[in-house]
Amino acid sequence: MKILTTPHMERCIGCYSCSLACARLVHRNLSWLTAGIRIKSSGGLSTGYTAVTCLACDPAPCAATCPTEAFSQRKGGGVNVKKSLCIHCGECAQACPVDAIYLDNTSDPFVCIHCGRCVDYCPHECLAMTGTASDLPGDSGKEVRP
Amino acid sequence: MIRDAFRVLTVDVTSGRGRILMLDGREQFAGGSGLAALLFDKFGQPDRPWNDVEQPLIFTIGPLTGYFPLMSKTVCAFKSPYHNQYAESHAGGRSALALRFADLDALVITGRAPTPSCLAVGNHHLDIQDVHYLWGKNVDATGKMLRRMYSGSGHRSILRIGPAGETGSAMAGINVDTYRHFGRLGGGAVMGAKNLKGIVIEGDAAFSLPAGKSYRKLFEDVYARMTTTDMMSKYHNLGTAANLESLNELKSLPWRNLQQTSDPAISGVTGEKFADDTLLRNAACAGCPVGCIHVGFVREKFMAENQYLYRQVAYDYEPIFATGTMLGVTDAFAVLGIMDVVEKMGLDVMSAGVALAWAAEATEKGLISAKESIVPLAFGDAPAFKQAIDHLGRGTNDFYRLLGQGTLAAAREFGGDDFACVLGQEMAGYATGEVYYAAQALGFRHSHLDSGGYSYDQKHEEKDTDKAVAFLVSDEQERVLLTSMVSCLFARGVYKPDLVGECLNTLGYATLADNMEASSSHIQKKRWQIRLATGFKPDQVQIPKRFLDVTTWKGKTDSPYLDALLAAYARKIEKLAKMDSGESEED
C-alpha cells in the first residue's frame, strides 16, 4: 500500500492547503491542526517549513501502545484508525517518536491515514504517494541489498 | 465559526483585562472593512487625537476567512497618526487564519500598557507580558525573540513593530509574520502608543463544515480557478515586480522623485532581473495556494577572508519602485539592501522611499544639506539611503522626526512642497495619469488598491469626468465587498460578486448573500462618514505641482481635467457620507 511522503518540502510556501484539505475532506472540519499533516515554520519563517506527518512506521509504536485497538497496524506502514473505539487516552501521541499525532483539547487523536487526498492541493508538488519496500515485486518488505 | 453575530475580543492593555462581546450586524456590516467601521463607531473617539489612550486598534476578519482560498487577509483599523483621521490598512501572513482559529471575528485593543509589552491572545488564553527588554530592538531581532518566547510555531501570527513604531513615526508599519505588513498610514505608531511591541495570535479551534456536498464542490471550483487558470499567474510567476518593465514602457513609472517616468536603466531592476539574480524562494499567506511572496536575498561581506552573511528580503513591485526607481537606485541587490533596512526599522516602504526621494531632490536644490540629513543624499547613492532609512526609523534628529510625520510636514518647514510626491500620503508607483492621481489623493485609504484608477487611465482615452468618477465610486464599492469578506484583492478577478454570493450562500449566510449590494453600499458610506467625522475634507485636497509636470505615454498631465476630477470626486464622497443607510445614490 502506498504511503504519503514529503519529498520536496524545501519547495513549501506555507500556504497550509494540505492541512486544510485533510481537515476538510477527511475530518470534515475547518482547521489547520486537526489534520494528518501539519505545517510548522522551521527555525523561524525565514528558513522555510517542515511538514509534521506520519512516517508510516512498521511496526507502528502508536498502534502497539493503543489499549483499545482504535489504532491498528496498517499494511505497508502507519495505522488504521477506528475513532469509535478511541477512549481519548492520548497514549498514541505519547508513543509517536516524531510528534505526528495531534490531540485536540478532548484528546481526540488526528493522524495521517495515508489516503493521499492532500497531495493534489499542494501547488508546488512537495507531497507524493509512494510505494513502500513491500510493494516491490517478489519482495516481502525485507531490506533490499545491492 | 459560521454564525450571524460577530465574536469580538476587546482588550484593555492598561489593565490587562479582556472581554468577549457578541455583536449583531452581519447583514449590514458583513465583516472586515464593515466590521472595522462598526467597531470604530462603537469604540473610537473621533474628536480625540490618534494616540489618545482610549483610541482602539482594531483587527477584523470576514465571514469567508479560511473557508475559501485567498480569503486570507486581515483589516487593521485605527485613527492614523499621518492625518489624525480614521484609516484602514490590510495584511495577510498568518494573521487572518490565526484570528479565525482563535474563534475571533475581531480583536479590539484599547488603553496603554504600563510598560513595553507583548499581548498574546487565542481561543484559550489572554495574557500580557512585560517585554521592556525588546524596546529599541529592530523588527528582525524582535521576531526572533518572540518566536522563542511563545509556543505554537506554524499556527500563530506574530505582529511586531520596530523603532519607527516606538518613536511615533506616521510612517511606521506593523510587521506581520516577517514578510507581510499593515504598512500604510502609521498603524505601527498606534501600537507603539499603546506600549505594545508585539501581538501574538494563536488559534487551535476546529469548526464543523456545512453538511452536504455543495461547500466542498464550490471550494474545489474556486481552488481550481486560483491555481490552474491564467488569472493568478501574474502573481505566482514574476509577482507584482512584473509591473516595473510594463510601467516603464508606458512612461508611467516614477523615477528620481517623479522627475522622469521612464529610463533605460530599468534593465537593472525588472521583475525578470530580480527573479533571475536575487530570488531565493516563494512564500504564501496561510490559506493562499498562489504564493505571491517573492523572497530575495542580500549578501554582505562583513570581514576579510571571504566572510559573508546573508539575509532574506521579500520584494514586490511597490517596494522596488519606492527604494529603487524613485531613489535612482538601479541595482537589484542594492535595492534589496535598502528594503532590508526599511524592514528592520519597521517603516512603511512606500512612504519611506518616497520621502527620501523628496529629500534627495531637496538636497539637489539646496533646500536641505547634510546638516539636516546627517548623511549627504543623492539619487543612486544606495549606501547613503540605507543610513538615512535608519535615521528616519529611529527619528535621530529633528529633520528625520519631521520627515517621519510625512513629506509635506518636512516640506512646509524646508520648502519643496511643489515636488513632494504626496497624494493623500506618499504616492504608490503609478504615474498613469489624472484618474489615478485623483483616486489616490481622495481614496479612502489613499492606496492604489482603493479603486482601479491606474487601470482606468490605461484603458480610457476620453476625458469624461462623470464617467471616471462613477467608475471610482462603483469600483470602490466592489472592492469594499471583498475587503469585508476578507479577500486578498489580487483575487478580485476571480471573486466577482456572483461568486462571493455563492460562497456566502453555501456557508449559510443567505441573508447577507441576498443583500450584498446593499451591504457593500452601506459599508462604503459608513467608512466615509467616519472618515469625514474624524476630519477629512475632500474639497481641500490639493495635488502637488510635480504631478502636473508628469508626461506619460498619453502626454502631459491635463491640469483642468485633473481639477475637474478632484472636484467631482470630492463632491461624490461628501454626498456618499451624507446619505443615510439604505438611501440610494439616486435618492
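What counts, and at which threshold
Residues numbered from 1 in each chain as written. Chains lettered and ligands numbered in written order. Predicted model: local features only at pLDDT ≥ 70, side-chain atom pairs only at ≥ 80, totals over all residues. Heavy atoms only, no water. Helix = DSSP H or I, 4+ residues; strand = E, 2+ residues; numbered from the N terminus. Rg over C-alpha atoms; globule rule 2.2 N^0.38 Å. Contact = heavy atoms within 4.5 Å. Buried < 20%, exposed > 50% of the residue type's maximum accessible area, 1.4 Å probe, protein only. Pairing = 2+ DSSP bridges. Axes fitted to C-alpha atoms, helices over the stretch in contact; angles between N-to-C directions. Phe/Tyr/Trp six-rings, centres within 6.5 Å; stacked < 30°, edge-to-face > 60°. Disulfide = S-S within 2.5 Å. pLDDT = per-residue confidence, 0-100. Patch = residues over 30% accessible without salt bridge, like charges linked within 9 Å, V, L, I, M, F, W, Y side chains within 5 Å. Areas by Shrake-Rupley, 256 points an atom, 1.4 Å probe, with all protein chains shown as cover. Salt bridge = Lys/Arg side-chain N within 4 Å of Asp/Glu carboxyl O. Lys, Arg positive; Asp, Glu negative; His and termini not counted. Charge placed at Lys NZ, Arg CZ, Asp CG, Glu CD.

### Looking at the overall build of chain B
The helix and strand inventory of chain B stands at 25 helices and 20 strands. The C-alpha radius of gyration of chain B comes to 22 Å, within 12% of the 25 Å expected for a compact globule of 587 residues. Based on the C-alpha atoms only, the size of chain B along its principal axes is roughly 65 × 60 × 50 Å. Sequence separation of 24 or more characterises 69% of the internal contacts of chain B that already satisfy a separation of 6 or more.

### Brief notes about helix α1 (residues 17-25) of chain A
Extensive coverage of α1 of chain A is indicated by the burial of nine of its nine residues. Where α1 of chain A is buried, its residues meet β2 (29-30) and β3 (37-41) of chain A together with α3 (95-101) and α7 (214-228) of chain B.

### Quick notes on the sheet that holds strand β2 (residues 17-23) of chain B
Residue and element names in this part refer to chain B. One open sheet holds the six strands; their spatial order is β2-β1-β6-β3-β4-β5, and the pairing between them is mixed. The open sheet is flanked by β2 and β5 (86-91), the only strands paired with a single partner. Going from strand to strand, the sheet's axes swing by 20° on average, the running direction of each strand aside. Pairing analysis gives three bridges linking strand β3 (residues 57-60) to strand β4 (residues 74-79), with the strands arranged antiparallel. Along β4, the bridge assignment pairs isoleucine 58 with alanine 77.

### A closer look at unusual backbone geometry
Cis geometry marks the peptide bond from aspartate 58 of chain A to proline 59 of chain A; its omega dihedral reads 10°. Omega for the bond connecting methionine 485 of chain B with valine 486 of chain B falls within 30 degrees of zero, at 5°, which places this linkage in the cis form. Summarising the element assignment, valine 486 of chain B is placed in the loop between α20 (465-482) and α21 (497-507). Unlike most non-glycine residues, histidine 114 of chain A shows phi in positive territory, near 60°. Take histidine 114 of chain A: it is sitting in the loop between β8 (109-110) and β9 (128-130). A relative accessible area of 4% means that histidine 114 of chain A is categorised as buried. Look at aspartate 103 of chain B: it is not a glycine, yet its phi comes out positive at around 60°. With respect to the element layout, aspartate 103 of chain B can be found in the loop between α3 and β6 (106-110). Note on aspartate 103 of chain B: relative accessible area 13%, which makes it buried.

### As for the sheet that holds strand β11 (residues 180-182) of chain B
Note: strands within a sheet are paired through backbone hydrogen bonds, in either parallel or antiparallel orientation. Residues and elements named next belong to chain B. Pairing in this open sheet of six strands is mixed, and the strands run β8-β7-β12-β9-β10-β11 from one edge to the other. Strands with a single pairing partner mark the edges of an open sheet, and in this sheet they are β8 (126-130) and β11. For this sheet, the mean inter-axis angle between neighbouring strands, taken without regard to orientation, is 20°. Of the strand pairs in this sheet, strand β7 (residues 117-122) and strand β12 (residues 196-202) are connected by six bridges, and their pairing is parallel.

### Topic: the packing of aromatic side chains
Across all of its chains, the model carries 27 aromatic pairs over all chains by this definition. Where phenylalanine 40 of chain B meets tyrosine 86 of chain B, the ring centres are 4.7 Å apart and the plane angle is 40°; that geometry is what we call tilted. Remark: tyrosine 86 of chain B occurs in strand β5 and phenylalanine 40 of chain B occurs in helix α2 (residues 32-43); sequence separation between them is 46 residues. Looking at phenylalanine 40 of chain B, the relative accessible area reads 2%, which means it is buried. Taken together, the ring pairs in this structure connect Tyr121 of chain A together with Tyr67, Phe68, Tyr215, Phe219 and Tyr223 of chain B into an aromatic cluster.

### A short note on the state of the cysteines
Disulfides are covalent bonds that connect the sulfur atoms of two cysteines. Following the criterion strictly, the structure yields zero disulfides over all chains and no others. Take cysteine 126 of chain A: it sits in no disulfide, and the sulfur closest to it among the cysteines is that of cysteine 122 of chain A, at 3.6 Å.

### Some points on the confidence of the model for chain A
Mean pLDDT over chain A: 90, with 88% of residues reaching 70 or higher. Considering only residues more than four positions removed or in separate chains, one finds that residues 138-146 of chain A, a stretch of pLDDT under 50, has six contacts.

### Section: the confidence of the model for chain B
When the pLDDT values of chain B are averaged, the result is 96; 99% of them are 70 or greater. Quick note on the complex model: pTM equals 0.95, ipTM equals 0.91.

### Remarks on a negative patch on the surface
Residue and element names in this part refer to chain B. On the surface, a cluster of negative charge is made up of Glu245, Glu249, Glu272 and Asp276. Contributions of two or more residues to the negative patch are made by α9 (243-249) and α10 (271-278). Counting through the fold element by element, aspartate 276 comes out in helix α10.

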